[in-house]
Amino acid sequence: LGNTFNRHFGFSPESARKDVEIYYADAHNAAAKLTGASWFDYLHLMKVNDEWKIVNIIYEPLPREQWQG
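Sequence positions are assigned chain by chain, starting from 1 and proceeding in written order. pLDDT decides what is reported in this predicted model: residues at 70 or higher carry local features, side-chain atom pairs at 80 or more are listed and counted, and totals for whole chains, interfaces and linings draw on all residues regardless. Excluding hydrogens and water, the side-chain figures rest on all heavy atoms present in the structure.

## Focus on the pairing of strand E3 (residues 39–48)
Pairing between strand E2 (residues 29–35) and E3: seven bridges, direction antiparallel. If you follow Asn 29 over to E3, its bridge partner there is Met 46. Strand pairing is defined by DSSP finding a minimum of two bridges between the two strands. A run of H or I in DSSP becomes a helix once it reaches four residues, and a run of E becomes a strand once it reaches two; helices and strands are each numbered from the N terminus. In textbook terms, the turn of a hairpin is the stretch between consecutive antiparallel strands, and for E2 and E3 this stretch comprises three residues. Strand direction decides the pairing type here: E3 and strand E4 (residues 51–61), joined by 10 bridges, are antiparallel. Along E4, the bridge assignment pairs Trp 39 with Pro 61. Linking two consecutive strands that pair antiparallel, namely E3 and E4, is a turn of two residues; a positive phi of about 50 degrees is found at Asn 49 within it.

## Here's the deal with the pattern of salt bridges
A pairing counts as a salt bridge when a side-chain nitrogen of Lys or Arg comes within 4 Å of a carboxyl oxygen of Asp or Glu. For the coordinates displayed, the defined rule picks out one salt bridge. A salt bridge links Lys 53 to Glu 51, with the nearest nitrogen and oxygen atoms 3.3 Å apart.

## What to know about a nonpolar patch on the surface
Nonpolar side chains (Val, Leu, Ile, Met, Phe, Trp, Tyr) are joined into patches within 5 Å and like charges within 9 Å, using only residues with over 30% relative accessible area and no salt bridge. Computed with the Shrake-Rupley method and a 1.4 Å probe, the accessible areas treat only the protein chains shown as cover for residues. On the surface, a cluster of nonpolar side chains totalling about 410 Å² of accessible area is made up of Tyr 23, Tyr 24, Tyr 42 and Ile 58. Mapped onto the elements of the fold, Ile 58 is located in strand E4. Assessed through its relative accessible area of 42%, Ile 58 is described here as partly exposed. Here's how the labels work: a residue is buried when its accessible area is under 20% of the maximum for its type, exposed when over 50%, partly exposed in between, all with a 1.4 Å probe on protein chains only.

Right, here's the structure in full:
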């Protein structure tokens with residue numbers, strides 16, 4: 001996901017930041033943060049039929065001085 005958005009916004013998919021922090025995870029639910037080159041997303045995930053699905057995304061742009069990529 002980070003590679004896709006980095007490429008879409010003109011950042012290198014190979015070298016741009018794409019960090020993931022997992023805040024919570026159990027057998028059926030998870031919360032994580034994805035930090036890309038110029039934004040971050042808070043993700044809520046749910047396991048459905050043995051596959052993880054994103055059920056909610058909260059997007060926040062980073063200030064330009066924090067862009068990396």
